[in-house]
Structure formats: C-alpha cells, structure tokens
Amino acid sequence: MSANPSYLNELKQTGDFLTLSRNNEWHLDAGEFVLDNGTCVNIHDTGVIEFQPAVKTSKDVIYSSAVHGNETAPIEICDALIKQIIKGELVLKQRVLFIYGNPQSINIGLRFVEENLNRLFNGHHTVEGVPMNNERNRAAKLEQYVSDFYARGQQGSSRCHYDLHTAIRGSKNEKFAVYPFLHGKPWKKSQLQFLLSSGVNTVLMMKSPATTFSYYSSFVHGADSFTVELGQVKPFGQNDMARFEKTKQTLTALISQNEVKYPDFNASEFELFEVHRTINRTQDDFSFPFSDDAENFTGFAKGELLATDGDTAIYADVEGEAIIFPNASVALGQRALLTVIPMDIDSNFV
Ligand SMILES: O=C(O)CCC(=O)N[C@@H](CCC(=O)O)C(=O)O
Ligand SMILES: [Zn+2]
C-alpha cells in the first residue's frame with residue numbers, strides 16, 4: 001500500500017469515488033485520510049471505501065451497488081451519499097462500507113463482464129478445475145473486505161448489508177427485497193420496517209442457500225442482509241431519482257443517526273411472498289411463453305406453461321404462481337426463474 005496515493009487530493013476535493021473506481025476497473029492502491037469532522041476514510045480497493053466516524057458507533061452498515069454494472073439507480077444513490085460524506089455535508093454516527101461491486105461492468109453498461117458476480121459468493125468464486133477470472137477474483141476480495149470490516153467493528157454492534165439492485169424487467173410491485181434464507185432463524189419485523197421506510201413494502205423469503213452477496217453476509221457474518229430491487233434497469237441519466245427519495249433518506253438516516261425510530265409493525269402494510277420454486281436453465285434450448293414485457297409478480301393459473309427447458313415443459317403447479325427474474329439467457333445450470341406465492345405473517349417473525 002502506498003501511504004499517500006496520487007488520487008487522494010482530487011478525491012478529497014470532489015468526493016468522486018465513483019469516477020475514481022471506474023478509472024481503475026479492477027485495482028486501486030489503498031489510501032486513507034481524515035475528514036475535518038474526524039471521520040476516517042479508508043479506501044481499500046477500487047469501489048471499496050470505508051468511513052469510520054470519530055464517535056462511538058453501534059452499527060456496522062454496508063451499502064453495495066454495481067454488483068451488476070447496468071443497474072445504475074443504486075450507483076447514483078451511493079455516489080451522492082459518498083460525495084456528501086467526503087464534503088462534510090453528511091456527518092456520520094455509524095461505520096459504513098460502500099462497495100461498487102464491478103466497476104468494469106459499469107463502464108461497459110452490462111450486467112457483468114465474463115461472469116455474473118452475484119453467482120460467485122459464499123466461496124463459489126473458487127472451484128477446483130474452474131479457471132479464475134476477474135469476477136471470481138473480485139468476489140473473493142469483496143468477501144475479504146466484508147469480513148475485515150465486520151471484524152473491526154465494536155463488540156456487540158449490529159451488522160447490516162443492503163445490496164442495491166434494479167430488475168431487468170418492470171415489476172408490478174416496483175420495489176422489492178429478497179430476504180436470504182435464514183436456516184430457520186426468525187425474520188425481523190424491525191428490518192421490514194426499515195425496508196418500508198425505504199419505500200419497499202414487498203419482500204420475498206428465500207427457502208434455500210444462495211451464491212448471492214446478500215446471502216453471504218447473512219450466512220457468514222450474521223448480518224441483517226437483503227438484496228433490494230429499486231425499480232427497473234435504466235442507463236445513467238434516465239433514472240427518475242424522485243422515485244428513490246425515500247430510499248435515499250432512509251439510507252442516510254441509518255448512518256447519520258444514533259438510533260432510528262420506525263413506526264410500529266403493521267402486517268397489512270406489506271406484501272410478503274415465499275419462494276415456491278427455482279427453475280434453472282439446463283438446456284441450450286430454453287424459452288418462456290411470455291414476452292419480455294411480462295412483469296415480475298405476474299401470476300399464472302395452475303396448469304399454464306411457465307417455461308420450456310429442452311424437451312421439458314414446466315407448468316404452474318399452484319394457482320397464482322408468480323414469476324420473478326425470468327431470464328432465458330442465463331448460463332447453463334443457473335437460475336432462469338423464481339416463482340413465488342403469497343405468504344402470511346406467522347410466528348417465525350420477531
Ligand atoms: O431482474 C433480474 O432478472 C435480475 C435482477 C437482479 O440482479 N437480482 C438479483 C437477485 C439476487 C437474490 O436472489 O438475492 C440477482 O439475480 O442476482
Ligand atoms: Zn442485479
């Protein structure tokens with residue numbers, strides 16, 4: 001590590017960590033400085049910047065975006081927050097680590113470069129017989145940055161990680177979150193209240209382990225961790241940022257206040273779904289019977305065709321089985337579709 005990398009002066013002036021990361025697609029020398037308000041700024045790598053306020057903190061917060069490079073709204077939100085912090089306009093009360101997952105994929109305006117980064121976490125980056133590539137190396141490093149960040153936190157601090165995305169398709173429920181599989185541990189009403197305050201009233205409960213960034217932080221670090229879908233993919237400049245104001249305010253409050261009070265939990269304010277099944281693409285010849293305009297959360301009647309995988313036709317097996325993240329172009333063996341069904345609030349909530 002260079003004690004004083006040449007980019008520091010400009011970063012202090014502009015706060016533009018996004019451009020710095022985009023100009024250094026896979027590596028940036030580490031650097032550090034202290035803001036006038038006492039907050040320590042640590043740049044760990046390209047796209048990875050940590051802020052440690054001088055005060056005693058109680059939360060270790062991670063905001064990630066650009067795990068998929070074409071999902072720009074979350075990148076714009078994080079860019080604005082980072083600039084405000086570096087310029088001293090937003091004063092922190094909590095530790096926060098911002099991550100731009102895949103800077104090169106931002107530059108090419110695509111979901112990924114060689115391989116979907118969000119299928120490589122929880123150790124899946126390193127598999128015997130599978131050659132490493134930039135995304136596999138990046139997933140391994142991001143896991144390490146997350147581990148180090150949580151390890152340096154105060155004893156007893158609460159841990160959270162919001163991995164911010166946008167969906168490829170339009171969605172009947174514009175914003176929604178994926179609650180990773182908790183292996184039987186209860187879901188938290190306080191987290192649902194945080195999501196509601198962010199403008200997210202729809203949550204999908206996963207039923208099995210995953211290779212996603214949010215599952216990794218949840219499973220390995222016990223963080224309250226979510227994939228948060230904030231609308232539909234759009235190029236930079238075409239996002240209606242007014243639609244993300246509640247999200248930005250709630251993310252801001254979490255890191256700039258000692259304790260945030262949310263209204264009491266009221267089940268009627270949420271739409272909760274459980275994952276009914278995951279349909280993987282196993283054949284080159286994989287297709288959906290519906291158009292690219294079909295939105296996430298579109299329900300199908302029992303017996304209707306959902307997908308064709310080679311010679312296998314897959315039909316809805318319950319009334320109202322609804323589609324999430326249909327993508328016929330995924331790599332063989334990967335998830336091409338999730339289906340969900342409505343879920344009641346039951347005793348597995350605390
Ligand atoms: O709209 C789509 O098809 C994908 C949007 C997206 O990137 N979603 C995440 C969800 C991760 C999770 O299941 O927690 C992904 O597919 O990686
Ligand atoms: Zn995504």
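It should be emphasised that the depicted structure is a prediction, and the values quoted were computed from it without experimental measurement.

Along the backbone of the chain there are 8 helices and 16 strands. Along the first, second and third principal axes, the C-alpha atoms of the chain reach 65 × 50 × 40 Å. Across the chain, contacts joining residues at least 24 apart in sequence account for 74% of those joining residues at least 6 apart. Accessible surface computed for the chain: about 14,900 Å², of which carbon and sulfur atoms make up 47%. One finds the centroid of the 31 positive side-chain charges in the chain at a distance of 5 Å from the centroid of its 43 negative side-chain charges.

Time to look at the coordination of the zinc ion (ligand 2). Listed as protein donors to the zinc ion (ligand 2) are His68 (ND1), Glu71 (OE), Glu71 (OE) and His165 (ND1); their distances from the metal cover 2.0 to 2.2 Å. We note that the donor set of the zinc ion (ligand 2) lies within a single chain, spaced as H-x2-E-x93-H. Residue histidine 68 is located in the loop between strand 4 (59–65) and helix 3 (72–86), and its partner histidine 165 is located in strand 6 (residues 158–167); the two are separated by 97 residues in the primary sequence. Across the pair, exposure class does not vary: histidine 68 and histidine 165 are buried alike.

Here we take up the site of ligand 1. Ligand 1 sits among 16 residues. The nearest are Asn118, Arg119, Ile168, Thr227 and Glu229. Within the side chain of arginine 119, one N or O atom sits 2.8 Å away from an oxygen atom of ligand 1. Residue threonine 227 places a side-chain N or O atom 2.6 Å away from an oxygen atom belonging to ligand 1. Relative to its unbound accessible area of 430 Å², ligand 1 is 98% covered by the protein chains. Of all the secondary structure elements, the ones that give two or more residues to the shell around ligand 1 are strand 6 and strand 9 (224–232). When residues in the shell around ligand 1 are grouped by element, the largest group, 3 residues, is from strand 6. In the shell around ligand 1, the residues fall into 4 nonpolar, 7 polar and 5 charged.

Here we come to the packing of helix 5 (residues 134–151) against helix 7 (residues 213–221). Describing two packed helices takes the angle between their axes plus the distance from one axis to the other. Contact geometry for helix 5 and helix 7: axes closest at 11 Å, N-to-C directions at 40°. With respect to helix 7, the element helix 5 is oriented oblique. Helix 7 is crossed by helix 5, and the crossing has right-handed handedness. Facing Leu142, Glu143, Val146, Ser147 and Tyr150 of helix 5, the residues of helix 7 in contact are Phe213, Tyr216, Ser217 and His221.

The positions that UniProt labels "domain: AstE/AspA barrel-sandwich hybrid" (unreviewed entry) are, in the present scheme, residues 269–342. Spanning residues 269–342, this segment combines 0% helix with 47% strand, and its end C-alpha atoms are found 14 Å apart.

Our focus in this paragraph is the side chain of threonine 202. With respect to the secondary-structure elements, threonine 202 resides in strand 8 (residues 202–205). Of the polar contacts made by the side chain of threonine 202, one reaches the side chain of asparagine 173; its length is 2.8 Å. A polar side-chain atom of threonine 202 sits 2.8 Å from a polar atom in the side chain of asparagine 201. Excluding residues within four positions of it along the chain, threonine 202 makes contact with Asn173, Lys175, Phe176, Ala177, Glu271, Phe273 and Phe297.

Turning next to the nonpolar core. If you look at the biggest cluster of nonpolar residues, it comprises 55 residues, and the most contacted ones within it are Ile43, Phe51, Tyr63 and Phe98. In terms of residue count, helix 3 provides more of this core than any other element does, 8 residues in total. If we ignore the near neighbours within four places in the chain, the residues touching isoleucine 43 are Tyr7, Leu8, Leu11, Phe17, Leu28, Asp29, Ala30, Gly31, Phe33, Val48 and Ile49. In terms of nonpolar packing, the next biggest core, distinct from the first, is built from 17 residues, Leu120, Leu142, Phe149 and Ala223 among them.

This brings us to the pairing of strand 16 (residues 335–342). Across the 8 residues that make up strand 16, a large majority, 6, are buried. When strand 10 (residues 271–280) meets strand 16, the two strands line up antiparallel, connected through 7 bridges. Each residue of the ladder has a partner; that of asparagine 280, found in strand 16, is arginine 335. Bridging between strand 15 (residues 321–324) and strand 16 involves 3 bridges; their strand directions are antiparallel. Each bridged residue has a counterpart across the sheet, and for isoleucine 323 the counterpart in strand 16 is threonine 339.

Conventions we followed
- Residues numbered from 1 in each chain as written.
- Chains lettered and ligands numbered in written order.
- Predicted model: local features only at pLDDT ≥ 70, side-chain atom pairs only at ≥ 80, totals over all residues.
- Heavy atoms only, no water.
- Helix = DSSP H or I, 4+ residues; strand = E, 2+ residues; numbered from the N terminus.
- Contact = heavy atoms within 4.5 Å.
- Areas by Shrake-Rupley, 256 points an atom, 1.4 Å probe, with all protein chains shown as cover.
- Lys, Arg positive; Asp, Glu negative; His and termini not counted.
- Charge placed at Lys NZ, Arg CZ, Asp CG, Glu CD.
- Donors = N, O, S within 2.8 Å, 3.2 Å for Na, K, Ca; no water.
- Buried < 20%, exposed > 50% of the residue type's maximum accessible area, 1.4 Å probe, protein only.
- Near = heavy atom within 4 Å.
- Polar contact = N/O pair within 3.5 Å; in protein donor to acceptor, adjacent residues only side chain to side chain.
- Nonpolar A, V, L, I, M, F, W, Y, C, P; charged D, E, K, R; others polar.
- Axes fitted to C-alpha atoms, helices over the stretch in contact; angles between N-to-C directions.
- Parallel < 35°, antiparallel > 145°, perpendicular 65-115°, else oblique.
- Left-handed = near helix turned anticlockwise from the far one by under 90°.
- UniProt positions renumbered as here; feature names shortened; annotations may be inferred.
- Core = buried A, V, L, I, M, F, W, Y, C linked by side-chain atoms within 4.5 Å.
- Pairing = 2+ DSSP bridges.

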